[in-house]
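So the chains spell out like this:
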Amino acid sequence: MSMLSVRGVTKRFGGVTAVDDVSFEVFEGTIHAVIGPNGAGKSTAFNVMTGFDRPDAGSVVFEGATITGMRPHRIVRLGVVRTFQNTMLFDEMTALENVLVGMHARTRVGFLGAALSLPGVHAEERLAREQAHRILRLVDMDDVHAVPAGDLPHGQRRLLEIARALATEPRIMLLDEPAAGLNNVETAQLGETLRRIRDTGVTVVIVEHDMGLVMEVSDEIVVLNEGRKIAEGPPLLIQKDPAVIEAYLGEETPDA
Amino acid sequence: METSELLQLAIAGLKNGSIYALLALGFTIVYAATNVINFAQGEFYMLGGMFAVLAFTQFELPLLVSVPLAVLVVAGIGMLFETLAIRPRKDAEPMALIIITVGGSLVFASLARHAFGSDALPLPEFTAGPSFLFAGAAIERQTVWIWGIVLVTVAGLTFLYSKTRLGRAMRACMQNREAARLMGIDTARVVMISFGLAAALGAVAGVAVTPLTSTRFDIGAGIAVKGFAAAILGGLGSPLAAVAGGLLLGLIEQAVIPFSSALKDVVALGVLLAVLFLRPQGLFRRARREKM
């Protein structure tokens, strides 16, 4: 079933049309990649899909609810979460605390409950911590749970951001170039992690440059070029698609 | 000077310092949530005392009811102030917001003058009785109350920040507001609660000290300078550092008294300038690490 649909989205910046009438569907339980040469409009499309930018035309609908223009914390509560190209962690908090903040939207005890230390508070806090450890284990990071995020190496920072996003209990998770700055080993681990996440029932959308990763993990791929969708389908078809090959060969410095 | 005299000065320093600490905590909490120095903080201190006096003398409520009631009312006023005066301009430069808080401070003081008059208003000590004697120095019962209140407050805040969902949300907002929003945190609500909490802390300080000094509509600005100096001394960072800044400022003031008691009120400003010139990150914090 279609979970997220992008419907005729157009986004202009001044005279430049960054995204031009793009439509596609993301199906539940899949890993869906959005690729394209530099300047193809991937990041803009991504920002519109996550509700960060309002499109000039078209809409983005998540399970029947239009998320275009909705406030970020509401979108998260619906079950849509995103990460950024530049990691945005809470650097002075430990890895575990970062994940706990991610769980904010899903835990209930309010200000008064905490202030009065109602009986439910301790139980909920303990459950939250157990769950946070489980999430860290999912990305193989439980051993560094007490390390401040600011002291972690780049690869682990990216994984921690994914872990924190998972903690919001998303139905769908959108990752903006998750492999940026990772070495080959780390990229392979990332691919493994993404598959594990999909297998827990979370739909994954990635915007990614690393063609190896995309071809390996994706179930579906959408290719953008100069703001337009030029192809979509499973990896094997995309690799042979003449329009895609043309677009990538036409690029002076291919990234992949 | 004799040991007992020194001890007496130290006790006075730690008493005043505890009050500065509570105000410094208020400055620190609002700064963490908004990057704004809230110069209305001293008015919450004044209003705390005022509402306690009102509840106790006008409505003849018991002191044990009047005090917490005053704190709650002022916490509400703090949140209302944020909603009406700060939130509508929340995307403005911090400097514009700081000016708003200065204006708010003036408004609170004039309203208090109209509502409560311009006389100094007293409140009885929380528990009556003679002072405790300790190695030749006297400790007033109210001073013990003040210390107890500060201890409980700091313990409570430490618990809030490290062990609760709300505290984590507050720290998350402090470190990266954008990311906090993405994690489903309603940052507008966190800012409002921060103002309420800061106002409550100011009110606690004001209520605790009124039995010793009385309260008057115009005491807010003076204490705000002290609290601000203590907050800067502590580095506007962790709650513990704010408390340390407050206690230290109280002790420095008393250290000056044997030389010239007229200098006491200049100390806070001197400390403020010295810290800003020599160690702007405060005494207890490493210089901010630059992150990409």
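Residues numbered from 1 in each chain as written. Chains lettered and ligands numbered in written order. Predicted model: local features only at pLDDT ≥ 70, side-chain atom pairs only at ≥ 80, totals over all residues. Heavy atoms only, no water.

This next bit is on the nonpolar core. Membership of the largest hydrophobic core comes to 141 residues, with the highest contact counts inside it found for Leu160 and Met173 of chain A together with Leu249 of chain B. When residues of this core are assigned to their parent elements, the largest contribution, 15 residues, is made by helix H8 (residues 187-213) of chain B. Here Leu160 of chain A is in contact with Leu89, Ala95, Asn98, Val99, Leu136, Met141, Ala149 and Leu152 of chain A, once residues within four sequence places are set aside. Judged by nonpolar contacts, the second largest core, of 25 residues, contains Leu4, Ala40, Ile75 and Ile172 of chain A. (Core = buried A, V, L, I, M, F, W, Y, C linked by side-chain atoms within 4.5 Å. Buried < 20%, exposed > 50% of the residue type's maximum accessible area, 1.4 Å probe, protein only. Helix = DSSP H or I, 4+ residues; strand = E, 2+ residues; numbered from the N terminus. Contact = heavy atoms within 4.5 Å.)

Next up on the list: the pairing of strand E9 (residues 220-225) of chain A. Two faces, one strand: in a regular strand the side chains alternate between the faces of the sheet. All names here are of chain A. For strand E3 (residues 31-35) and E9, the ladder comprises four bridges, and the chain directions are parallel. Among the inter-strand pairings, Ala33 is bridged to a residue of E9, identified as Ile221. Of the strand pairs in this sheet, E9 and strand E10 (residues 228-233) are connected by five bridges, and their pairing is antiparallel. Residue pairing in the sheet places Asn225 in a bridge with Arg228 of E10. (Pairing = 2+ DSSP bridges.)

The next point concerns the sheet that holds E10 of chain A. Residues and elements named next belong to chain A. Read across the open sheet, the six strands follow the order E6-E7-E8-E3-E9-E10; overall the sheet is mixed. Looking at strand neighbours, the two that pair on one side only are strand E6 (80-82) and E10, the edges of this open sheet. Adjacent strand axes in the sheet meet at a mean angle of 15° when their direction is disregarded. Examined bridge by bridge, E3 and strand E8 (residues 203-207) share four bridges and lie parallel to one another. (Axes fitted to C-alpha atoms, helices over the stretch in contact; angles between N-to-C directions.)

Bringing the interface of chain A and chain B into the picture now. Counting residues at the interface gives 34 residues for chain A and 24 residues for chain B. Summed over both partners, the interface of chain A with chain B buries about 2,800 Å², with 60% contributed by carbon and sulfur atoms. Run the count over chain A and chain B and you get two salt bridges. One salt bridge connects Glu125 of chain A with Arg168 of chain B, and the closest N-O pair in it is separated by 3.0 Å. (Buried area = accessible area lost by both parts, 1.4 Å probe. Salt bridge = Lys/Arg side-chain N within 4 Å of Asp/Glu carboxyl O.)

For E3 of chain A, the buried fraction is high: five of the five residues fall into the buried class. Covered by surrounding structure in E3 of chain A are Ile31, Ala33 and Ile35 of chain A together with His32 and Val34 of chain A, the residues of both alternating faces.

Residues and elements named next belong to chain A. If you trace the four strands from one edge of the open sheet to the other, you get E2-E1-E4-E5, paired in antiparallel fashion. Two strands bound the open sheet, and with one partner strand each, they are strand E2 (16-27) and strand E5 (65-66). Judged from the eight bridges that link them, strand E1 (residues 2-13) and E2 form a sheet pairing that is antiparallel. Paired with Ser5 across the strands is Glu25, a residue of E2.

The next point concerns the packing of helix H1 (residues 3-34) of chain B against helix H5 (residues 141-163) of chain B. Residues and elements named next belong to chain B. Where H1 contacts H5, the two axes come as close as 10 Å, and the packing angle between them is 30°. When the axis of H1 is compared with that of H5, the two are roughly parallel. The chirality of how H1 crosses H5 is left-handed. Here Ile11, Leu14, Lys15, Ser18, Ile19, Leu22, Leu25 and Ile29 of H1 come into contact with H5, specifically with Thr143, Ile146, Trp147, Val150, Thr153, Leu157 and Tyr161. When the residues that make up the contact of H1 with H5 are grouped by side-chain class, the tally is 11 nonpolar, three polar and one charged. (Parallel < 35°, antiparallel > 145°, perpendicular 65-115°, else oblique. Left-handed = near helix turned anticlockwise from the far one by under 90°. Nonpolar A, V, L, I, M, F, W, Y, C, P; charged D, E, K, R; others polar.)

Our focus in this paragraph is the domain arrangement of chain A. All names here are of chain A. Taken domain by domain, chain A consists of domain 1 (1-79 + 170-256) and domain 2 (90-169). With 19 residues of domain 1 in contact, the opposing surface of domain 2 contributes 15 residues. Summed over both partners, the interface of domain 1 with domain 2 comes to about 1,400 Å²; 65% of that surface belongs to carbon and sulfur atoms. Looking only at domain 1, the three residues that lose the most surface to domain 2 are Arg77, Pro170 and Arg196, adding up to 34% of its buried area. Counting across the interface, domain 1 meets domain 2 through one salt bridge. Between the two partners, domain 1 and domain 2, sit four residue pairs in polar contact (both at pLDDT 80 or more). Listed by contribution, the elements that provide at least two residues to the side of domain 1 that touches domain 2 are helix H2 (72-78), strand E7 (172-176) and helix H7 (184-199). (Domains from an automatic or database assignment. Polar contact = N/O pair within 3.5 Å; in protein donor to acceptor, adjacent residues only side chain to side chain.)

Residue and element names in this part refer to chain A. Phi angles above zero are rare outside glycine, and Asp21 is one such case at about 50°. Tracing the backbone through its elements, the reader meets Asp21 in strand E2. Notably, Glu169 is not glycine yet its phi reads approximately 55°, a positive angle. Given a relative accessible area of 47%, Glu169 falls into the partly exposed group.

With that out of the way, let us pick up the pattern of salt bridges. A complete count under the given rule lists 20 salt bridges over all chains for this structure. Sharing partners across several salt bridges, the network here consists of Glu28, Glu63 and Arg171 of chain A.

As a further point, take the side chain of Gln41 of chain B. Residue and element names in this part refer to chain B. Turning to its location among the elements, Gln41 is positioned in helix H2 (residues 41-58). Using a relative accessible area of 0% as the deciding quantity, one classes Gln41 as buried. If sequence neighbours within four positions are ignored, Gln41 has contacts with Leu23, Gly26, Phe27, Ala198 and Gly202.

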